Every structure is written in C-alpha cells, then in structure tokens.
Amino acid sequence: MKRIFFLIISFIVFCYIGISFWSIKKNYDFIDSIPYNTFGVVLGTSKYLHGGGINAYFKYRIDAAYFLFRHKKVRYIIVSGDNREKNYNEPKMMKKELIKKGIPSHFIYEDFYGISTLHSVLRVHKVFHQKKFTIISQKFHNERAIFIGNCLGLDVIGFNAKSMITFDIKIELREVFARIKALWDVFCSFYI
C-alpha cells in the first residue's frame, strides 16, 4: 500500500514540476523581454466571484492583455472561454472590459467554445489558423497551456498576468488535477 501511495505522489509531483519546467523559457513576466506575436489569447475565467465581487484573476488577465496590446506586443486579441449557460458568457465579458480600456472592437475576436484550456489552444490553431501566439493568463495556467500547445506542435509563449499573492489551497489542488488532465488531454488529442 505504501508503494502505491509513493508511486501516486511521485506521479503527481512529476506532472506538476515537469509541466512547469517544460515552459520555463517560454513564459514571460516582463513586457520588454516578450517577443511580438500577431495574436494574443486570453484564457477565460469568470468576471465575478461566487460570493460576489470582481474576480482578481479576471481583472489581471484583462490588464495584461491591454498592456500587451498597448505596447504593440500583439496586434489582435482572442478572448476564449465558456458560455454554455444562458446568463454566463466569459468571452463577451472579456471583450466588453477590453473595449472599456480602449481597445477597438475590431481587434478583438471571441471564441465561445473555449470550454477548457485544451479547447482554447486547439481552436486558436484550427479556427483562427495560428500556429504561433501568446497566451495570457496567470503563470500556473500559462505553464499548462504552453505545455499543451507545444505537445500539439504549436509555437506558443505565455505572458503572465499578475497573480494572487496569498496561497490558496483550492487553486493549488485544482491545478494539480488540471495538470494530470493536461497530460491525458495531450495523449488523447493525438487520436482526434
């Protein structure tokens, strides 16, 4: 039993650290060092928290996308997210916020079927015909998206939006499972 537990823990650690290591040279924190790409892709998240108030992850992703656009590090922005429920539409919320910040709407494309990181990355390639693009999210999310993109043969980099300073066990646990799922998704995508 101890051996099985050790193997499971080792696999989880390998998934988490391996994906971080994979993307280390393709993840950028500073505007001066990130190369230009025609398209930047903002990965979706809810604008509002379940208990009310603005979701900081949403706000920081929008700020990062605007920052890249303003500094001419991307020309177009794809907002990719979930809209499966009638009153919930991540791409529309993101586009609206980017327009409020001053980005003209004709520079923003909506992807309404980015229901997961894998779908968002795949659709940039298959729908928008891009093999090279910048992913905009928090570092932990960018690491996973870069890993997925690179495994699919795409040339993707990440621009890290500001992250939360405090440690959140729910976010960390979610990311552990998301990285295990990413390995599964990449393996299965070769058969799509």
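For the structure itself, look to the data block above.
Quick caveat, the model's predicted, so the values are computed rather than measured. Throughout this document, residue positions are counted from 1 along each chain, in the order its sequence is written. Only residues with pLDDT of 70 or above have their local features reported here, since the model is predicted, and side-chain atom pairs are shown and tallied only from 80 upward, although totals for entire chains, interfaces and linings are computed over all residues. In computing side-chain values, all of the structure's heavy atoms are included and hydrogens and water are not.

Engineer: Which residues make up the overall build of the chain, and what values go with them?
Structural biologist: Strands here are runs of E lasting at least two residues and helices are runs of H or I lasting at least four, both read from the DSSP assignment and numbered beginning at the N terminus. Looking only at helices and strands, one finds six helices and six strands in the chain. Taken from the N to the C terminus, the helices and strands of the chain come in the order α-β-β-α-β-α-β-α-β-α-β-α. In the chain, 71% of the contacts between residues at least 6 apart in sequence involve partners at least 24 apart. Computed by Shrake-Rupley with a 1.4 Å probe, the accessible areas treat only the displayed protein chains as cover when residues are assessed. Total accessible area computed for the chain in this model is approximately 11200 Å², and 63% of it derives from carbon and sulfur atoms. Counting 29 positive and 15 negative side-chain charges, the chain places the centres of these two groups 2 Å from one another. Residues count as neighbours in contact if any of their non-hydrogen atoms are within 4.5 Å of one another. In summary, the charge assignment counts Lys and Arg as positive and Asp and Glu as negative, without counting His or the chain termini. Charge coordinates come from a single atom per side chain, which is NZ of Lys, CZ of Arg, CG of Asp or CD of Glu.

Engineer: Give me a nonpolar patch on the surface: which residues, what numbers.
Structural biologist: To count toward a patch, a residue needs a relative accessible area over 30% and no salt bridge; like charges are then connected within 9 Å, while nonpolar side chains (Val, Leu, Ile, Met, Phe, Trp, Tyr) are connected within 5 Å. Think of a salt bridge as a Lys or Arg side-chain nitrogen and an Asp or Glu carboxyl oxygen that are within 4 Å of each other. Residues F5, I9, V13 and I17 make up a contiguous nonpolar surface patch of about 380 Å² in total accessible area. With respect to the helices and strands, the residue F5 is situated in helix α1 (residues 2-22). Accessibility here uses a 1.4 Å probe with only protein chains present; expressed as a share of the type maximum, an area under 20% marks a residue as buried, one over 50% as exposed, and anything in between as partly exposed. The class of F5 is exposed, set by a relative accessible area of 56%.

Engineer: I'd like to hear about the packing of helix α2 (residues 56-70) against helix α3 (residues 90-100), residue by residue, with values.
Structural biologist: As a rule, the C-alpha atoms of each element are fitted with a line to give its axis, helices using only the stretch in contact, and angles between N-to-C directions run from 0 to 180 degrees. Direction vectors running N to C along α2 and α3 enclose 50 degrees, while the axes themselves pass 10 Å from each other. Considered as vectors, α2 and α3 are oriented oblique to each other. In the packing of α2 onto α3, the handedness of the crossing is right-handed. Along its contact with α2, which presents F58, I62, A65 and Y66, the element α3 presents M93, M94, E97 and L98. When an angle is under 35 degrees it counts as roughly parallel; over 145 it counts as roughly antiparallel; between 65 and 115 it counts as roughly perpendicular; any other value is oblique. By convention the crossing between two helices is left-handed if the near helix lies anticlockwise of the far one by an angle smaller than a right angle, and right-handed if it lies clockwise.

Engineer: Tell me about the pairing of strand β4 (residues 108-111), and name the residues and values.
Structural biologist: Should DSSP find at least two bridges between two strands, the strands are regarded as paired. Bridge count for strand β3 (residues 74-80) against β4 is four bridges, and the pairing is parallel. The residue bridging S80 from the neighbouring strand is D111, located in β4. Note on the crossover from β3 through α3 to β4: the handedness is right-handed. With strands facing away from the observer, any crossover in which the path from the first strand over the helix to the second runs clockwise is taken as right-handed.

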